[in-house]
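Below are the chains, spelled out letter by letter.
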Amino acid sequence: MSQPKVLITKRIYPEAVALIRPHCEVDYVDSDAGLSPEELIQRARGCQAIVSQLTDKLPAAVLAQLDGVRVIANVAVGYDNIDVPAATARGILVTNTPDVLTETTADFAFALLMAAARRVVEGHAFVHSGKWGKWLIDLLVGQDIHHRTLGIFGMGRIGQAVARRGRGFSMNILYSDAAPLSPELEAELGARRVSREDLLRESDYVSLHVPLTPETRHFIGAAELALMKPSAILVNTARGPVVDEPALVEALRNKTIAAAGLDVFEEEPKVHPGLLELDNVTLAPHIASASVATRRRMSEMAVENALAVLLGRRPANLLNPEAFQP
Ligand code: GLV
């Protein structure tokens, strides 16, 4: 009997490719270019599994042309690049890579928070420029982090991990989420659930950890930014479209808020030109989960999920269990 065939759409860690090779015929796109939707559809012909990345857009119109594909294993915890209900309707299983990246992503959200608050990138550029003449009492003064208020939108795994870091810095933790935490977890994290408006009004730092859905597109826009303190700092390690980028540029330019730390953008890899002109923003190229260990493990998890389906098993990180037929 011939082996099942898997398409890996873009370069991943080699250890992960090695895991699946003994079991499958592998069509590995061993490059960083990725595939256009047309190329992906063509290369997926005859494949039962696709290992995809967040740069692969898989809307219903593309899924409709993936005949024979049984599983799409995304190398990411987020899956807004895939129309999961449309996949379910076609009986295609979809998996992601949760948990492994929680702490790594929270580390980076905190790194952005600290860099923006204490002007680390500005300091680096200043020293590099050769303009540093003498020590001054108010040279690059920033804002304290300890004992300030951290507001977290989306208190899932990553939001909770960010709260724990905030606790370590003696911060006051507020959160807003449709689902309240248990009283025990609230007590452990020292976190208080408040309304969206109160969180915006009271926080010195606002960190975003909501998934991108139709409801959270432009979750933070001009009205929300206007509610924030002029000294507040916004951190986004979730997804770019959660923030209305032109509104944020205006708010940073007019000092409606003090600063932002951004890892994600509305049209990656494009960045709003206004953001590139501002000093009060710290920018990173979607690397919050990018530690060697985590990115390697994410690659392996995606491949393990794909392999499980091809071997007739339920994958560990199934997003649409209703589509699974044992
Ligand atoms: C990265 O952004 C992810 O969703 O894993």
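Treat the numbers as computed from the prediction; the structure is a model and nothing was measured.

1. Observations concerning the nonpolar core
Residues Leu150 and Met155 are the most contacted members of the largest nonpolar core, which totals 55 residues. With 8 residues, the top contributor of residues to this core is helix H5 (residues 102-118). Here this core spans two domains, since at least three of its residues come from each of domain 1 (5-99 + 292-323) and domain 2 (102-283). Among residues more than four places away in sequence, those in contact with Leu150 are Phe110, Leu113, Val162, Gly166, Met171, Asn172, Ile173, Leu174, Ser203, Tyr205 and Ser207. In terms of nonpolar packing, the next biggest core, distinct from the first, is built from 30 residues, Leu200, Leu225, Ala251 and Phe265 among them.

2. Concerning the packing of aromatic side chains
Overall, the coordinates contain 2 aromatic pairs when judged by the stated rule. Ring plane angle 40 degrees and centroid distance 5.0 Å describe the contact between Phe110 and Phe169, whose orientation is recorded as tilted. Of this pair, Phe110 sits in helix H5 while Phe169 is found in the loop between helix H7 (157-168) and strand S7 (172-176), placing the two residues 59 residues apart along the sequence. The exposure class of Phe169 is partly exposed, given its relative accessible area of 30%. With 5.0 Å between their ring centres and 90 degrees between their planes, Phe153 and Phe219 make a pair best called edge-to-face. Of the two residues, Phe153 sits in strand S6 (residues 149-153) while Phe219 sits in the loop between strand S9 (205-208) and helix H10 (222-227), which places them 66 residues apart along the sequence. Note on Phe219: relative accessible area 11%, which makes it buried.

What counts as what
- Residues numbered from 1 in each chain as written.
- Predicted model: local features only at pLDDT ≥ 70, side-chain atom pairs only at ≥ 80, totals over all residues.
- Heavy atoms only, no water.
- Core = buried A, V, L, I, M, F, W, Y, C linked by side-chain atoms within 4.5 Å.
- Buried < 20%, exposed > 50% of the residue type's maximum accessible area, 1.4 Å probe, protein only.
- Helix = DSSP H or I, 4+ residues; strand = E, 2+ residues; numbered from the N terminus.
- Domains from an automatic or database assignment.
- Contact = heavy atoms within 4.5 Å.
- Phe/Tyr/Trp six-rings, centres within 6.5 Å; stacked < 30°, edge-to-face > 60°.

This is a description of form; function is not addressed.
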